[in-house]
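Structural overview for review
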Amino acid sequence: MRLATGEEVLVARVVAPDGRIGFGFSFRTDATEARHMAEWSAGVRAERPAIESQLDHAWERAWLSDEDVEWESEPRFTTLRWSG
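Worth saying up front: this structure is predicted, and the values here are computed from it rather than measured.

Reading the values: rules and limits
Residues numbered from 1 in each chain as written. Predicted model: local features only at pLDDT ≥ 70, side-chain atom pairs only at ≥ 80, totals over all residues. Heavy atoms only, no water. Helix = DSSP H or I, 4+ residues; strand = E, 2+ residues; numbered from the N terminus. Buried < 20%, exposed > 50% of the residue type's maximum accessible area, 1.4 Å probe, protein only. Contact = heavy atoms within 4.5 Å. Core = buried A, V, L, I, M, F, W, Y, C linked by side-chain atoms within 4.5 Å.

Some details on the side chain of Glu33
Structurally, Glu33 is set in helix α1 (residues 31-42). Residue classification places Glu33 among the buried residues on the basis of a relative accessible area of 14%. Leave out the neighbours within four places in its chain, and Glu33 touches Phe25, Ser26, Arg28 and Ile51.

Side note on the environment of Thr79
You can see Thr79 is positioned in the segment after α2 (58-64). A relative accessible area of 49% means that Thr79 is categorised as partly exposed. Residues Thr79 and Asp56, 23 residues apart in the sequence, show an inter-C-alpha distance of 23 Å.

Description of the nonpolar core
Within the largest apolar cluster, 14 residues are counted, with the highest numbers of intra-cluster contacts made by Val9, Phe25, Trp59, Val69 and Trp71. If you list the elements that add at least two residues to this core, you get β2 (21-26) and α2. What Val69 contacts, discounting residues up to four positions off in sequence, is Phe25, Trp59, Ala62 and Trp63. By size, the runner-up hydrophobic cluster in this structure holds six residues, among which are Val14, Ala34, Ala38 and Ala42.

Here is the structure:
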């Protein structure tokens, strides 16, 4: 996904067996990193993944501060369409 600032981010979504949905991201466009975040957010991964800030983006700051990520702070996030 292209950010409002022009950089790219990889966004992952995981749907748990009970229907809970989790999202993750990677500014390094690392699919494993994003998937692990999404799995943890959906409650299917026990250990919270550690990341290093790449852009000092609001999503990174929230994750590193153990706060909720405000996904909608990036306008394009709400336009993503998911299959399945």
